[in-house]
Amino acid sequence: MASRSLLPLLLGTLGALCYHKAYGISVKTDNQHVTAKEFQEAMLSCKYSAGKGIIPRVEWKKLTTRDVSFVYYKGDLVGDLKGRAEMIDSSIRIRNVTRKDSARYRCEVSAPTERGQNLAETIITLTVLVASAAPSCEVPSSAMSGTVVQLRCKENEGSPASEYKWYRNGVALLENTGTGSAKIRNISYTMNKKTGTLLFNTVSKKDTGEYYCEASNGIGLPQKCSVKRMQVDDLNIGGIIAAVVVVALVMAFCGLGVFYAHKKGYFSKESSSQKKSSDYKYTPSEKDFKHTKSFVI
């Protein structure tokens, strides 16, 4: 009796194991982090295994920070990849990737079962490497010695982000982040290769020269901006004093001119003539009065 009661239990367990094997789906990828240079090929791998007799449905979705969109749906490539990619089994081969393809991609494999929809998925991250573009440089054409001067260099196309190097008269400047090494080498500037800034806290005449910046990120050749000259001059104390003296002399001559004119009475004669003309009153004559009276009568 005991063996008969155990038999249904064993059959049920065996059936459950066989059912899981038949209807279970598993998904994997050969590479979860794919990198490719722009305009080259990239493979997004997705492999699945399913139970016997199951015909699963494969879908691919592109995941960005803004939205989720299909790239493979109902057996066709759609969206951004249509016309420049192909399916190899359940994997996607992109023939020429662009910087816009950098995103996460999700391969979803699903199949209906008696227990409901069975779904498995894997996520692949695609990073498109883009070479640095020619940077833009900001270099002042002139500066006064002893002042603070900052040169800037920036480009926004490269992926990963570019690093920067400054040159003066064709010679690369040593990197200096403003730490203790600056005191040892007696460097008067601070150069940050991450931000592309070249800062002179107290610029001097020896910093005069032709400057340009170079951007690189290891993808393709380094790119540089056009050469720009910065002229540093000392503060001309003598010139400033001379200018002050000239202005003072001009003001003194103007004052003497006004004093001389006032002493000669030019301003008083003009005011007295205006006063006489304003004090004069018109008095009608007897002849005018008679004419007016006869006109009224």
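The structure we're discussing is the one just above.
We now turn to the structure provided with this report. (Residues numbered from 1 in each chain as written. Predicted model: local features only at pLDDT ≥ 70, side-chain atom pairs only at ≥ 80, totals over all residues. Heavy atoms only, no water.)

Some points on the sheet that holds strand E6 (residues 68-73)
If you trace the 6 strands from one edge of the open sheet to the other, you get E2-E11-E10-E5-E6-E7, paired in mixed fashion. Whereas interior strands pair on both sides, the edge strands pair on one side only; in this sheet they are strand E2 (33-37) and strand E7 (76-77). Of the pairings in the sheet, the one linking E6 to E7 comprises 2 bridges and is antiparallel in character. In the strand pairing of E7, Tyr72 is matched with Leu77. (Pairing = 2+ DSSP bridges. Helix = DSSP H or I, 4+ residues; strand = E, 2+ residues; numbered from the N terminus.)

Notes on the pairing of strand E18 (residues 197-200)
Two elements, strand E14 (residues 149-154) and E18, share 3 bridges in a ladder whose sense is antiparallel. Directly across from Gln150, in E18, lies its bridge partner Leu199. Of the strand pairs in this sheet, strand E17 (residues 189-192) and E18 are connected by 4 bridges, and their pairing is antiparallel. Note that in E18 the partner of Tyr189 across the bridge is Phe200. The turn joining E17 and E18, which pair antiparallel and follow one another in sequence, is formed by 4 residues; a positive phi near 80° is taken by Gly196.

Quick word on the packing of aromatic side chains
Taken as a whole, this structure holds 4 aromatic pairs when the rule is applied. With centroids separated by 6.1 Å and ring planes inclined at 65°, the aromatic side chains of Tyr189 and Phe200 adopt a geometry described as edge-to-face. One end of the pair, Tyr189, is in strand E17; the other, Phe200, is in strand E18, with 11 residues separating them in the sequence. Residue classification places Tyr189 among the buried residues on the basis of a relative accessible area of 8%. (Phe/Tyr/Trp six-rings, centres within 6.5 Å; stacked < 30°, edge-to-face > 60°. Buried < 20%, exposed > 50% of the residue type's maximum accessible area, 1.4 Å probe, protein only.)

Some words on the pattern of salt bridges
With the rule as written, the count across this model stands at 16 salt bridges. For the salt bridge of Lys47 with Asp30, the shortest nitrogen-to-oxygen distance reads 3.0 Å. Linking Lys47 in strand E4 (residues 47-50) with Asp30 in the loop between strand E1 (25-28) and E2, this pair joins segments that are 17 residues apart in sequence. For Lys47, a relative accessible area of 41% translates into the label partly exposed. Owing to a relative accessible area of 54%, Asp30 belongs among the exposed residues under this scheme. Of the charged contacts in the structure, one is a salt bridge between Arg93 and Glu41, with a shortest N-O distance of 2.6 Å. Highlighted residues: Arg93 in strand E9 (residues 91-94) and Glu41 in the loop between E2 and strand E3 (42-44), separated in sequence by 52 residues. You can call Arg93 buried: its relative accessible area is 18%. One continuous salt-bridge network, built from bridges that share partners, spans Lys61, Arg106, Glu108 and Glu121. (Salt bridge = Lys/Arg side-chain N within 4 Å of Asp/Glu carboxyl O.)

Considering the sheet that holds E3
In sheet architecture, strand pairing relies on hydrogen bonds along the backbone and comes in two forms, parallel and antiparallel. Pairing is antiparallel in the open sheet, where 3 strands are placed in the order E3-E9-E8. Strands with a single pairing partner mark the edges of an open sheet, and in this sheet they are E3 and strand E8 (85-88). Averaged over all neighbouring strand pairs, the angle between strand axes comes to 20°, with direction disregarded. For E8 and E9, the ladder comprises 4 bridges, and the chain directions are antiparallel. When the bridges of E9 are listed, Glu86 appears paired with Arg93. (Axes fitted to C-alpha atoms, helices over the stretch in contact; angles between N-to-C directions.)

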